[in-house]
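Now for the letters of each chain:
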Amino acid sequence: IQLYRLGMRDYKYDAAVLGYYGFRNSGDDALLYAMIHSLQQTKPDIRICVFSFNPAETSEVYGVDSVLRYDLPKLIKTLKQTKMFILGGGSLIQDITSTKSAIYYLYITGKARKYCNKVMLYANGIGPLRKESNRKKAARVLNTVDYITLRDDDSAAELAKLHVTAPPVKVTADPVFGIDKISD
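Just so we're clear, the structure is a prediction, and the values are computed from it rather than from any experiment.

Visitor: For this particular structure, what's the right way to read a nonpolar patch on the surface?
Guide: Taken together, the side chains of F53, L68 and Y70 make up a nonpolar region of the molecular surface, amounting to roughly 290 Å² of accessible area. Here L68 shows up in strand β3 (residues 65–68).

Visitor: Would you take a moment to explain the packing of helix α4 (residues 99–115) against helix α5 (residues 132–142) for this structure?
Guide: Where α4 contacts α5, the two axes come as close as 10 Å, and the packing angle between them is 20°. Of the possible angle classes, the one that applies to α4 and α5 is roughly parallel. Of the two possible hands of crossing, α4 and α5 adopt the one that is left-handed. Touching T99, I103, L106, T109 and G110 of α4 are N134, K137, A138 and V141, all from α5. When grouped by side-chain class, the residues that make up the contact of α4 with α5 number four nonpolar, four polar and one charged.

Visitor: Please clarify how the environment of R69 should be interpreted in this entry.
Guide: With respect to the element layout, R69 can be found in the loop between β3 and α3 (72–80). Since its relative accessible area comes to 3%, R69 is described here as buried. Spatially, the C-alpha atoms of R69 and N54 are 8.4 Å apart, while their sequence positions differ by 15 residues. Look past the residues within four positions of R69 in its chain and what remains in contact with it is L18, G19, Y20, Y21, F23, F51, S52, F53, L75, Y104 and Y105. A distance of 3.0 Å separates polar atoms of two side chains, one belonging to R69 and the other to Y105.

Visitor: It is not clear to me how unusual backbone geometry should be interpreted in this structure. Could you clarify?
Guide: Note: most peptide bonds trans; most residues except glycine with negative phi. Of note, the amide linkage connecting G88 to G89 takes the cis form, showing an omega dihedral of -10°. G127 connects to P128 through a cis peptide bond whose omega is 0°. Looking at the element boundaries, P128 is found in the loop between β5 (118–126) and α5. Although it is not a glycine, A123 sits at a positive phi angle of roughly 50°. Within the fold, A123 resides in strand β5. A123 sits in the buried class, given a relative accessible area of 1%. For H163, which is not glycine, the phi torsion reads 65° and is therefore positive.

Visitor: Mind showing me how you'd approach the pairing of strand β4 (residues 82–93) here?
Guide: A regular strand carries its side chains on alternate faces of the sheet. In terms of burial, β4 is largely enclosed, as 11 of its 12 residues are buried. The sheet contact formed by strand β1 (residues 13–18) and β4 spans five bridges and is parallel. Note that in β4 the partner of V17 across the bridge is I86. Across seven bridges, the pairing between β4 and β5 is parallel. When the sheet's bridge partners are listed, L87 is paired in β5 with L121. In this region the chain leaves β4, passes through α4 and returns to the parallel neighbour β5; the handedness of that crossover is right-handed.

Visitor: Whenever I open this one, the pairing of β3 confuses me. Can you help?
Guide: With four bridges joining them, strand β2 (residues 48–52) and β3 adopt parallel strand pairing. The partner of C49 across the bridge, within β3, is D65. Since β2 and β3 lie parallel, the crossover through helix α2 (residues 55–62) that links them has a hand, and here it is right-handed.

The rules behind these values
Residues numbered from 1 in each chain as written. Predicted model: local features only at pLDDT ≥ 70, side-chain atom pairs only at ≥ 80, totals over all residues. Heavy atoms only, no water. Patch = residues over 30% accessible without salt bridge, like charges linked within 9 Å, V, L, I, M, F, W, Y side chains within 5 Å. Areas by Shrake-Rupley, 256 points an atom, 1.4 Å probe, with all protein chains shown as cover. Salt bridge = Lys/Arg side-chain N within 4 Å of Asp/Glu carboxyl O. Helix = DSSP H or I, 4+ residues; strand = E, 2+ residues; numbered from the N terminus. Axes fitted to C-alpha atoms, helices over the stretch in contact; angles between N-to-C directions. Parallel < 35°, antiparallel > 145°, perpendicular 65-115°, else oblique. Left-handed = near helix turned anticlockwise from the far one by under 90°. Contact = heavy atoms within 4.5 Å. Nonpolar A, V, L, I, M, F, W, Y, C, P; charged D, E, K, R; others polar. Buried < 20%, exposed > 50% of the residue type's maximum accessible area, 1.4 Å probe, protein only. Polar contact = N/O pair within 3.5 Å; in protein donor to acceptor, adjacent residues only side chain to side chain. Pairing = 2+ DSSP bridges. Right-handed = clockwise from strand over helix to strand, strands pointing away.

Structure follows, in structure tokens:
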């Protein structure tokens with residue numbers, strides 16, 4: 001992950017991260033571990049806040065600050081104190097699980113666009129988005145972000161179908177493949 005030069009404003013956090021964290025899902029936990037490790041390799045003193053279903057556990061396990069993902073006032077306050085918002089990884093922008101899930105991630109990403117200097121999608125899978133209203137919302141929000149990395153070519157094809165053309169898009173490997181060793 002490249003960190004941007006984000007100006008002279010004093011922020012509490014360098015990065016806020018939102019994904020499917022705090023639910024004890026081993027795949028998502030591995031993604032979060034890989035992301036935090038990558039960010040710390042880039043900037044050892046980085047200040048990270050993770051939006052999680054279980055903030056206490058997330059803070060303890062990963063050594064980062066954490067906020068309950070459903071506490072919107074705290075989440076918005078955190079976004080206002082953050083340089084860069086990172087959505088990912090995983091297949092978050094999809095409506096197979098539910099429309100509510102897609103709308104949640106798009107809503108928070110839109111709020112991050114309003115309050116943070118930079119917004120990126122990190123190692124995401126995009127789609128499927130079956131409902132036309134969800135496709136339009138996704139296109140509108142995703143065309144406002146600064147950078148998108150995807151974990152597969154199908155997701156890049158889905159972005160093209162959505163007419164997401166504004167941010168740079170790069171297909172990369174799933175970040176979990178970059179983990180050298182997981183500590184016990």
